[in-house]
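Structural overview for review
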Amino acid sequence: MYNRIKELRARNNLTQDDLANKVGVRRETIVFLEKGKYNPSLKLAYDISRVFNMTIEEVFLFGNEE
Amino acid sequence: MLEINNFVLGIFNILKECIMKKAVLVFVVAGLVLVTLSVWIYQSGFNQSFTDISMYAVIIVIVAFAVFIGLRRLKSLKLNQPPEDELSKKIMQKAMSLSYLISIYLWLFMMYISDKTALHTHSLIGLGILGMAVIFAVCWIVISRIGVKDV
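Predicted model only: the values in this text are computed from it and were never measured.

Examining the confidence of the model for chain B
Fine structural detail should not be taken from predicted coordinates in areas where pLDDT scores are low. Residue and element names in this part refer to chain B. Scored by pLDDT, chain B has a mean of 85; 92% of the residues are at 70 or more. Between the elements of chain B, mean pLDDT differs from a low of 79, seen in helix α1 (residues 2-43), to a high of 93, seen in helix α3 (residues 86-114). Model confidence for the complex is summarised by a pTM of 0.77, with the ipTM given as 0.83.

Okay, structure coming up:
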């Protein structure tokens, strides 16, 4: 699973700390997500997508969608 | 209405305090271990064998690891972030399960060497428990580095 968190975060002028505070996780979790070292729970994926006003499918890409 | 607000705020403060206590608890446990270690060293005299000194060193390393975890939690609290979230819980779970598996082999090894060494049973058990703690710390560090990717 891939994600566009880093790109969307830069587009929305959000720091990793800002995004972490908005979705209620630690900054390290955002770092791990951006590096692709962690696949989030459905709730966290939904929360992150809501921060960017997008759907889960637009933020998280499965398989060869990238 | 004001009373209800105060009641809700009171509950919120209690919850916040509990989260803070969870972060501080690590320091309390680490302090207790250090105090116990000091008493142990003082009571057994300052003429220690190499095995004893190695055991003290391992205990100090484990306490340092606990303090490191506690500091991470406090840092998160300072940044208004939860001390534990889904990733840290998952890392902890994975580290626990992996260290349990490795510990089984550690105890098998301890049983094997128990007949071949002159160590007392209580020393062997102590070494085994310390070994389990070290294995857990190593597993936690490794999993924190490589991440948790289930899919």
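Structure shown, so let's carry the discussion forward.
Some thoughts on the pattern of salt bridges
All names here are of chain A. Tallied over the full model, the rule gives six salt bridges over all chains. Residue Glu7 pairs with Arg4 through a salt bridge whose shortest N-O separation is 3.2 Å. Glu7 sits in the partly exposed class, given a relative accessible area of 37%. On the basis of relative accessibility, which here comes to 22%, the residue Arg4 falls in the partly exposed class. Note that Lys43 is salt-bridged to Asp47, the shortest N-O span being 2.7 Å. Highlighted residues: Lys43 and Asp47, both in helix α4 (residues 42-51), separated by four residues, approximately one helical turn.

Topic: the interface of chain A and chain B
The partner chain B presents 21 residues to the 17 residues of chain A that form the contact. Between chain A and chain B lies a buried interface of about 1600 Å² when both sides are counted; carbon and sulfur atoms form 42% of it. Our enumeration of links across chain A and chain B arrives at zero salt bridges. Taken together, the elements giving at least two residues each to the side of chain A that touches chain B come down to α2 (16-23) and α3 (27-35) of chain A. No other element matches the four residues that α3 of chain A contributes to the side of chain A that touches chain B. Partitioned by chemical class, the residues of the side of chain A that touches chain B number six nonpolar, six polar and five charged.

Notes on the domain arrangement of chain B
All names here are of chain B. Per the domain assignment, the segments making up chain B are domain 1 (1-81) and domain 2 (84-151). Relative placement of domain 1 and domain 2: their C-alpha centres are 20 Å apart. If you look at the interface, domain 1 gives 11 residues, while domain 2 gives 13 residues. Carbon and sulfur atoms make up 84% of the area that domain 1 and domain 2 hide from each other, which totals about 920 Å². Three residues, Met55, Ile62 and Phe65, lead the burial of domain 1 against domain 2; their summed loss comes to 47% of the area buried on that side. The interface formed by domain 1 and domain 2 holds one salt bridge in total. Where Glu84 meets Arg73, a salt bridge forms, and the shortest distance between an N and an O atom there is 3.2 Å. Across the domain 1-domain 2 interface, the total number found is one residue pair in polar contact (both at pLDDT 80 or more). Of the residues forming the side of domain 1 that touches domain 2, the biggest block, 10 residues, is contributed by helix α2 (residues 50-78). Looking at the side of domain 1 that touches domain 2 residue by residue, the classes come out as seven nonpolar, one polar and three charged.

About the criteria used
Residues numbered from 1 in each chain as written. Chains lettered and ligands numbered in written order. Predicted model: local features only at pLDDT ≥ 70, side-chain atom pairs only at ≥ 80, totals over all residues. Heavy atoms only, no water. pLDDT = per-residue confidence, 0-100. Helix = DSSP H or I, 4+ residues; strand = E, 2+ residues; numbered from the N terminus. Salt bridge = Lys/Arg side-chain N within 4 Å of Asp/Glu carboxyl O. Buried < 20%, exposed > 50% of the residue type's maximum accessible area, 1.4 Å probe, protein only. Contact = heavy atoms within 4.5 Å. Buried area = accessible area lost by both parts, 1.4 Å probe. Nonpolar A, V, L, I, M, F, W, Y, C, P; charged D, E, K, R; others polar. Domains from an automatic or database assignment. Polar contact = N/O pair within 3.5 Å; in protein donor to acceptor, adjacent residues only side chain to side chain.

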